[in-house]
Amino acid sequence: MLGDGPISLDCGLPDNASYTDDLGYLYFSDASSIDSGEAKQVSSAFMGSTRLYQTLRSFPLYQKNCYTLAPAVEGQRYLVRASFMYGNYDGRNLPPIFDVYLGVDFWTTVRLDNASHVFWTEITTKATTSSVNVCLVKTGDGIPFISGLEVRPLDDILYADANNSTYLITYKRINAGTTEEASNSDNGDHRFKDDPYDRIWSPDYDTYGSPVSTNFTITSSQGFNVPSYVWRTAESSSTPMFISWSGEPNVQFHIFMYFAEVIKQEKNQTRIIYVELNGGPFGNPFRLEYGRGSMTVYTGNLMSTNEYKLVIRAMDNSTLGPILNAFEVYKAYDVS
């Protein structure tokens, strides 16, 4: 049952089977949420994978096969995550290519590099009816399948630009200054017990600067409920920090950036930083102090462009350089 609570489906799990994962989420078989498809198990070589990826449901029949997740609360915002690992379940060693839809709207194309490639994709949307529908669609390149399907209700303040006419697809969600060794999944990503929305955070150790961390508890700012582990790690630099990605035709982006001081400063030290986007200001300068909360910088729709360039800089009167704890980038799609 969905409603106001989470739903976790382990696709291909035997009917009426269930289990609780390490974070306390109760996973059920997907059998009662769809009336088509075949339950399969990955080949023995991949049975050591995380439990979610040991079984799957494949769809040899029909062009389009849809899950019905109900009852949903109309007007409630949800994060919906679909996960895939081929695991050579059919012995062909040929991962298929297929599309995923949210109801009638295109979501993404699944392309896996090999049998052990774990791929997950998230979409944030508002329920417009009493159910949420996720569909697997054939494109002529093999049989669609799915390993897991998770739905997490979100507080109304979070990702508010996801509404009846716009949905957000997760493009990046980076936890800076940490390593894959701290992960709890097959592909090095992180989930945390104190993240009320069960978001997946991908680790980055030193792409943007040098890793730094603290054991001090940092509180989340502005209602985003970033997990404490994410706040406690960061990357810092004595020179500007650069983040860039290529744009896509007719696609707008949303950005959320998270900053907190993780280094105890000396009396004569200050960290005052600001962010630029494509050469222009992205918010106002702000000061970070150890043990004094955090800062979130975010924007609504960005106009489509060929490339996005974020630069984190220190002000001239700052004795310390820029720092970054985490950031998220979402694609925004108009479905009105």
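Now for a description of the structure that goes with this document. (Residues numbered from 1 in each chain as written. Predicted model: local features only at pLDDT ≥ 70, side-chain atom pairs only at ≥ 80, totals over all residues. Heavy atoms only, no water.)

With respect to the overall build of the chain
Thought 1: The helix and strand tally for the chain stands at one helix and 26 strands.
Thought 2: Relative to the 2.2 N^0.38 estimate, which gives 20 Å for 336 residues, the radius of gyration of the chain is 21 Å and therefore close to what a compact globule would have.
Thought 3: Viewed in the frame of its principal axes, the chain has a C-alpha envelope of about 65 × 40 × 35 Å.
Thought 4: With 336 residues in all, the chain has 53% of them scored as buried.
Thought 5: The long-range fraction of contacts in the chain, counting pairs at least 24 apart against all pairs at least 6 apart in sequence, stands at 79%.
Thought 6: With the model as given, the accessible surface of the chain reaches about 14900 Å², and the carbon-plus-sulfur share is 45%.
Thought 7: The distance from the centre of the 25 positive side-chain charges to the centre of the 38 negative ones in the chain is 3 Å. (Helix = DSSP H or I, 4+ residues; strand = E, 2+ residues; numbered from the N terminus. Rg over C-alpha atoms; globule rule 2.2 N^0.38 Å. Buried < 20%, exposed > 50% of the residue type's maximum accessible area, 1.4 Å probe, protein only. Contact = heavy atoms within 4.5 Å. Areas by Shrake-Rupley, 256 points an atom, 1.4 Å probe, with all protein chains shown as cover. Lys, Arg positive; Asp, Glu negative; His and termini not counted. Charge placed at Lys NZ, Arg CZ, Asp CG, Glu CD.)

Some details on the side chain of T124
Thought 1: Inspection of the secondary structure assignment puts T124 in strand β10 (residues 119-126).
Thought 2: Every residue in contact with T124, bar those within four places of it in the chain, is listed here: R77, Y78, L79, L154, Y159, A162, Y167, L168 and Y330.

What about the packing of aromatic side chains?
Thought 1: If you walk through the whole model with that rule in mind, you get 28 aromatic pairs.
Thought 2: Measuring from ring centre to ring centre gives 5.0 Å for F253 and Y308, while their planes differ by 65 degrees; the resulting arrangement is edge-to-face. Of this pair, F253 sits in strand β19 (residues 252-259) while Y308 sits in strand β24 (residues 307-314), placing them 55 residues apart in sequence. Neither residue differs from the other here; F253 and Y308 are each classed as buried.
Thought 3: Centre to centre, the rings of F256 and Y330 are 5.8 Å apart; their planes meet at 90 degrees, and the pair counts as edge-to-face. A residue pair is termed long-range when its members are at least 10 positions apart, and F256 in strand β19 and Y330 in strand β26 (residues 326-334) qualify at 74 residues. Across the pair, Y330 and F256 agree in class, each one buried.
Thought 4: Each residue in the set Y159, W201, F224, W231, F256, Y258, Y298 and Y330 is aromatic and connected to the rest through ring pairs, giving one cluster.
Thought 5: Between the NZ or CZ atom of R51 and the centre of the ring of Y19, over which it lies, the distance is 4.0 Å.
Thought 6: Looking at K64, its charged tip hangs above the ring of Y101, at a distance of 5.3 Å from the centre. (Phe/Tyr/Trp six-rings, centres within 6.5 Å; stacked < 30°, edge-to-face > 60°. Lys NZ or Arg CZ within 6 Å of the ring centre and 35° of its normal.)

Here's the deal with the nonpolar core
Thought 1: Residues M257, Y258, F259 and L310 are the most contacted members of the largest nonpolar core, which totals 48 residues.
Thought 2: Counting residues per element, this core draws most heavily on β19, at six residues.
Thought 3: With sequence-adjacent residues up to four places away left out, M257 is seen in contact with I243, V275, F282, M295, T296, V297, L310, I312, L324, A326 and F327.
Thought 4: If you look at the next biggest cluster of nonpolar residues, it comprises 44 residues, including Y25, M85, V110 and L149. (Core = buried A, V, L, I, M, F, W, Y, C linked by side-chain atoms within 4.5 Å.)

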